[in-house]
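Spelled out, the chains give:
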Amino acid sequence: MRLCRFNSDRLGVVEGDRVFDVTEALRILPSVSYPLPRVDPLIANLDRVIVRIKQLLPAASSHALGEVRLLSPIANPGKLVAAPVNYRKHLDEARADAEIHHDNQVGEIQRVGLFLKAASSLIGAGQAVALRHADRRNDHEIELAVVIGKAGSRILRKDAWGHIAGYCIGLDMTVRGPEERSMRKSIDTYSVLGPWMVTADEIANPGQLDFWLTVNGELRQKANTRDLVIGIPELIEFASAFYTLHEGDVLFTGTPEGVGPVKPGDVIMAHIEGVGTMRVDVKAG
Ligand code: MN
């Protein structure tokens, strides 16, 4: 199932080029009060929401996909965990290009570990990336994004698949410079998730997906998730050795070679096999 959030926080199911409005299914979510739980409530109750969605779908009204504004399919992630340099050829290009590394040491992921992007940086495909620091290089990074569906700590790689709710396309937008990654990659709008979340049952082999990114029609990045240095189950094991992963946390798995600059007015198209294609506009911040 392809689940999206659209317009004014409507819940949708995407089938073909239609979005079916199943917002009514959100009524089964438990009411919460202070202090709020550290989960995304939709993902924490996903099985029950899907049961309700299936009841609602036959009579649901629909919109043309092209006429809705897509928001991040995950509304309230507790954290965005991200893998740096998790494709070998991107490690090579980052080390070779001073405009990318800025005298930061670009180490192997096994040694430097993961980093966090602020949840406040998150937008959906229908909201533009708003560039700050326009005098500096601002790059696109396309990544397979994994949504955690079952909480866990010290998850073993053999158990990791059972902790995944679904997959999205992630854009880990980045201003290049000397600062820590968590600062340069957490600017408002610099984490894009979309166009929807495909539930895990629909992707037979997430470790073998073609994906690509274009800017104004020019191909910039093209790769396959089989070239990940640390694969999806190993990333979940690695991350959860440090952080408890909660329902709705998102794992950005890393970008391949071909990262490059964008400027206001550019149009990014991003595609991941089995997930979909999304258009993201770039504007001045
Ligand atoms: Mn990245």
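First things first, this report covers the structure right here in the doc. (Residues numbered from 1 in each chain as written. Predicted model: local features only at pLDDT ≥ 70, side-chain atom pairs only at ≥ 80, totals over all residues. Heavy atoms only, no water.)

**Regarding the overall build of the chain**
Next, step 1: On a plain count of helices and strands, the chain comes out with 7 helices and 20 strands.
Next, step 2: Relative to the 2.2 N^0.38 estimate, which gives 19 Å for 285 residues, the radius of gyration of the chain is 18 Å and therefore close to what a compact globule would have.
Next, step 3: For the chain, the spread of C-alpha atoms along the principal axes amounts to about 55 × 45 × 40 Å.
Next, step 4: A separation of at least 24 residues holds for 76% of the contacts in the chain among residues at least 6 apart in sequence.
Next, step 5: For the chain, the computed accessible surface area is about 12,700 Å², with 49% contributed by carbon and sulfur atoms.
Next, step 6: Of note, the chain has its 33 positive side-chain charges centred 3 Å away from the centre of its 36 negative side-chain charges. (Helix = DSSP H or I, 4+ residues; strand = E, 2+ residues; numbered from the N terminus. Rg over C-alpha atoms; globule rule 2.2 N^0.38 Å. Contact = heavy atoms within 4.5 Å. Areas by Shrake-Rupley, 256 points an atom, 1.4 Å probe, with all protein chains shown as cover. Lys, Arg positive; Asp, Glu negative; His and termini not counted. Charge placed at Lys NZ, Arg CZ, Asp CG, Glu CD.)

**Structural notes on the sheet that holds strand 13 (residues 174-175)**
Next, step 1: Strand order in the open sheet formed by 3 strands is 13-10-18, with antiparallel pairing between adjacent strands. At either margin of the open sheet sits one strand with a lone partner, and together these are strand 13 and strand 18 (260-261). (Pairing = 2+ DSSP bridges.)

**Digging into the sheet that holds strand 16 (residues 218-224)**
Next, step 1: Taken together, 5 strands build an open sheet; the order of strands is 9-20-19-15-16 and the sheet is mixed. Both edges of this open sheet fall to strand 9 (129-131) and strand 16, since each of them pairs with a single strand only. The average undirected angle you get between the axes of adjacent strands in this sheet is 20 degrees.
Next, step 2: By the bridge criterion, 5 bridges tie strand 15 (residues 210-215) to strand 19 (residues 267-272) in an arrangement that is antiparallel. (Axes fitted to C-alpha atoms, helices over the stretch in contact; angles between N-to-C directions.)

**Looking at the coordination of the manganese ion**
Next, step 1: The protein atoms that coordinate the manganese ion are E141 (OE), E143 (OE) and D172 (OD), at distances of 2.0 to 2.1 Å.
Next, step 2: Each donor residue of the manganese ion belongs to the same chain, and together they define the spacing E-x1-E-x28-D. Of this pair, E143 sits in strand 11 (residues 142-148) while D172 sits in strand 12 (residues 164-172), placing them 29 residues apart in sequence.
Next, step 3: On the basis of relative accessibility, which here comes to 0%, the residue E143 falls in the buried class. (Donors = N, O, S within 2.8 Å, 3.2 Å for Na, K, Ca; no water. Buried < 20%, exposed > 50% of the residue type's maximum accessible area, 1.4 Å probe, protein only.)

**Focus: the pattern of salt bridges**
Side chains bearing opposite charge may pair, as long as their charged atoms lie close to each other.
Next, step 1: The full count for this structure, using the stated rule, is 22 salt bridges.
Next, step 2: Residue R137 pairs with E99 through a salt bridge whose shortest N-O separation is 3.1 Å. On the criterion of sequence distance, the pair formed by R137 in the loop between strand 9 and strand 10 (138-140) and E99 in helix 4 (residues 98-101) is long-range, its members being 38 residues apart.
Next, step 3: Taking relative accessible area as the criterion, R137 reaches 17% and is therefore assigned buried.
Next, step 4: Close ionic contact of D172 with K185 constitutes a salt bridge, the shortest N to O distance being 2.8 Å. Highlighted residues: D172 in strand 12 and K185 in the loop between helix 6 (181-184) and strand 14 (191-199), separated in sequence by 13 residues.
Next, step 5: Within this structure, D97, E99, K117, R137, D139, E141, D172, R176 and K185 form a network of salt bridges that share partners. (Salt bridge = Lys/Arg side-chain N within 4 Å of Asp/Glu carboxyl O.)

**Things to note about the nonpolar core**
Next, step 1: Within the largest apolar cluster, 55 residues are counted, with the highest numbers of intra-cluster contacts made by L171, I236 and I268.
Next, step 2: Each of domain 1 (2-70) and domain 2 (80-284) contributes no fewer than three residues to this core.
Next, step 3: Look past the residues within four positions of I236 in its chain and what remains in contact with it is I148, I155, A160, I164, L245 and L251. (Core = buried A, V, L, I, M, F, W, Y, C linked by side-chain atoms within 4.5 Å. Domains from an automatic or database assignment.)

**A closer look at the packing of aromatic side chains**
Next, step 1: Tallying each qualifying case throughout the model produces 2 aromatic pairs.
Next, step 2: Relative to F242, the ring of F238 has its centre 6.1 Å away and its plane inclined at 80 degrees; by these criteria the two rings are edge-to-face. (Phe/Tyr/Trp six-rings, centres within 6.5 Å; stacked < 30°, edge-to-face > 60°.)

**Things to note about the environment of A239**
Next, step 1: By secondary structure assignment, the location of A239 is in helix 7 (residues 232-240).
Next, step 2: A residue is classified by how much of its surface remains accessible, and A239, at 1% relative accessible area, is buried.
Next, step 3: Separated by 156 residues in the primary sequence, A239 and A83 place their C-alpha atoms 9.3 Å from one another.
Next, step 4: Once you skip the residues sitting within four places of it in the chain, A239 turns out to touch V81, L114 and L245.

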